[in-house]
Amino acid sequence: MAQQWSERFAKPLDVLVAEFNASISFDQRLAEEDIAGSIAHARMLGRQGIVPEPEIRLIVRGLEAIREEIRAGTFQFRLDREDIHFNIEAALTERIGPIAGKLHTGRSRNDQVALDMRLFVRSAIDGVRRALRVMIQALLERAEEHTRTVLPGYTHMQRAQPIILAHHLLAYGEMFRRDYGRLGDAYHRLDESPLGSGALAGTTFPLDRAYVAHELGFSRITRNSLDAVSDRDFALEFLAALAVLSVHLSRLAEELVLWSSQEFRFVIFDDAYATGSSMMPQKKNPDTAELVRGKTGRIIGHLVSLLVVLKGLPLAYNKDLQEDKEALFDAYDTAIACLRILEGIMRTLIFQPERMREATRAGDLTATDLADYLAARSIPFREAHGMVSRAVRYAEEHNCLLEDIPLVQLQELLGFPDEHLLDMLNIDQAVARRNVPGGTSPLQVEYALLEARAWLTQEQSAGGITSSAFPEDR
């Protein structure tokens, strides 16, 4: 197989080596980015007088025609042309002749692919942030339906204290907002154009790097050519943000799996998001949530894979960097799929408020309230904690709840003759008393919903952090 650089070599690549070396099977996904970068580079070459303007116009028209063929699905990607860069350049040569070779003036595939990858990750960040906004909106809508629904909150998977369902859902909203911010932070660090760095040392041509950066929507250019062509920190940061996001998605999925079990019965999955058993007719399995949980390992694996690829590479470009693409593409696709699936689950999920309320009747969830009540009456909290612990043990020994102990008996157990002790054991009052910022009281939950809704409205109005010219669904 002859290659574009084959005149340096006495014989062609072995067929197996050519297949092993080629990346066109997956980097064709960078076609939009590659053409956008080439058009910006070509126009700069014309502005700088490096290539005559009539030839630049011919090059740009050819690239635009190739882009339309790719979008229409009629472009033929060829293995013998190795990668997306050579495929497009060769097609351009077939279309306009030897003038196409001038497009690569002052450019290397090293800075070309570095640019393509930055453009892709920038667009991908926008895609994930859009999906996150939709996910957060679904959580807010369901939370607004359940500002008075009480259920047990858990620590160590043991019933701990009563909370409001909206408060629980908003906890995941907070996680996803942090994910949203992490992605924004990653964008700001990748927001620089490497084009003009050449293979590793820059170029002898008088390129206007700032013009190309502006044309492609970057705020600045890279400062060091060696770093620019070998840097994949932006890909690592993106993968790291996706890994954290996937962990959050997995935690939510895990709770939904638990809550849908017969032991909890807090939720029922919509039929469109559940599956049956090939053997057991009664089964309704939360397979979709389980898959979201399972795919977390896949995304984390892609992050680890790229970390391992990079950890031993000397400067500057090395062929190992070709391994960044499949991991990045798959992690992005997987994260988007998980967000969309989990959003659909949340929108159709059937909550069971009565069962949640029933579950608060076990576990003595208001024991802390009773201890707090005693501590507020000048009893050291550790002493109050011990007093209530003895009462809890008494209830367990007598197979009853703390709130079922008669007042006189409770006063005797605590050694505290107060007629309001039983009031402290009321579930709704216990929830309402947690009226501190960030707490689970209905009032604080209402405030939290208002703040979250205002944040979401602002982000939706802003639309995104890039002005990408690429299609939204990559």
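This report concerns the structure included in the present document. (Residues numbered from 1 in each chain as written. Predicted model: local features only at pLDDT ≥ 70, side-chain atom pairs only at ≥ 80, totals over all residues. Heavy atoms only, no water.)

## As for a nonpolar patch on the surface
There is a patch of nonpolar side chains on the surface, built from V247, I300, V304 and V308 and spanning about 290 Å² of accessible area. Considering every element that reaches the nonpolar patch, the biggest residue donor is helix 11 (residues 287-310), with three residues. Looking at the secondary structure, you find I300 in helix 11. (Patch = residues over 30% accessible without salt bridge, like charges linked within 9 Å, V, L, I, M, F, W, Y side chains within 5 Å. Areas by Shrake-Rupley, 256 points an atom, 1.4 Å probe, with all protein chains shown as cover. Salt bridge = Lys/Arg side-chain N within 4 Å of Asp/Glu carboxyl O. Helix = DSSP H or I, 4+ residues; strand = E, 2+ residues; numbered from the N terminus.)

## Examining helix 18 (residues 442-462)
The end-to-end C-alpha distance of helix 18 is 30 Å, a good match for the 30 Å that 21 residues give at a rise of 1.5 Å each. Those residues of helix 18 lying buried are P442, Q444, V445, L449, A452, W455, L456 and E459. An end-on view of helix 18 places all buried positions within 145 degrees of arc, on one side of the element. In helix 18, the exposed positions that point more than 90 degrees away from the buried face belong to L450, Q458, S461 and A462. Where helix 18 is buried, its residues meet helix 6 (109-144), strand 2 (158-164), helix 7 (165-190) and helix 17 (427-433). (Expected span 1.5 Å × (residues − 1). Buried < 20%, exposed > 50% of the residue type's maximum accessible area, 1.4 Å probe, protein only. Arc of directions from axis to C-beta. Contact = heavy atoms within 4.5 Å.)

## Some details on the nonpolar core
If you look at the biggest cluster of nonpolar residues, it comprises 115 residues, and the most contacted ones within it are V128, F176, F238, L256, W259, M346 and F351. At 16 residues, the largest contribution of residues to this core is made by helix 6. Excluding anything up to four places from it in sequence, W259 contacts L151, L165, H168, F264, R265, F266, V267, F351 and M356. (Core = buried A, V, L, I, M, F, W, Y, C linked by side-chain atoms within 4.5 Å.)

## Points about unusual backbone geometry
That bond from L315 to A316 is cis: its omega, 5 degrees, falls within 30 degrees of zero. The backbone phi angle of M157 is positive, close to 60 degrees, even though this residue is not glycine.

## A closer look at the packing of helix 11 against helix 12 (residues 324-348)
In contact at an axis separation of 9 Å, helix 11 and helix 12 are set at 155 degrees when each is read in the N-to-C sense. By the angle between their directions, the pair helix 11 and helix 12 is classed as roughly antiparallel. The crossing of helix 11 and helix 12 is left-handed. For the pair helix 11 and helix 12, the contacting residues are T288, A289, V292, K295, R298, I299, H302 and L306 in the first and D324, A327, D330, A331, T334, A335, C338, I341, L342 and I345 in the second. Residues that form the contact of helix 11 with helix 12 fall into these classes: eleven nonpolar, three polar and four charged. (Axes fitted to C-alpha atoms, helices over the stretch in contact; angles between N-to-C directions. Parallel < 35°, antiparallel > 145°, perpendicular 65-115°, else oblique. Left-handed = near helix turned anticlockwise from the far one by under 90°. Nonpolar A, V, L, I, M, F, W, Y, C, P; charged D, E, K, R; others polar.)

## Topic: the packing of aromatic side chains
Here the structure, examined in full by the defined rule, presents eight aromatic pairs. When the centroid spacing of 4.9 Å and the interplanar angle of 65 degrees are considered together, the rings of F120 and F329 count as edge-to-face. In this pair, F120 is assigned in helix 6 and F329 in helix 12, connecting sequence segments 209 residues apart. Using a relative accessible area of 1% as the deciding quantity, one classes F120 as buried. Its relative accessible area of 5% is what places F329 among the buried residues. Between F238 and Y332, the aromatic rings sit 6.4 Å apart at their centres with planes inclined by 40 degrees, giving tilted as the arrangement. Taken together, the positions of F238 in helix 10 (residues 233-259) and Y332 in helix 12 put the pair 94 residues apart, joining distant regions of the chain. Side by side, F238 and Y332 carry an identical accessibility label, which is buried. (Phe/Tyr/Trp six-rings, centres within 6.5 Å; stacked < 30°, edge-to-face > 60°.)

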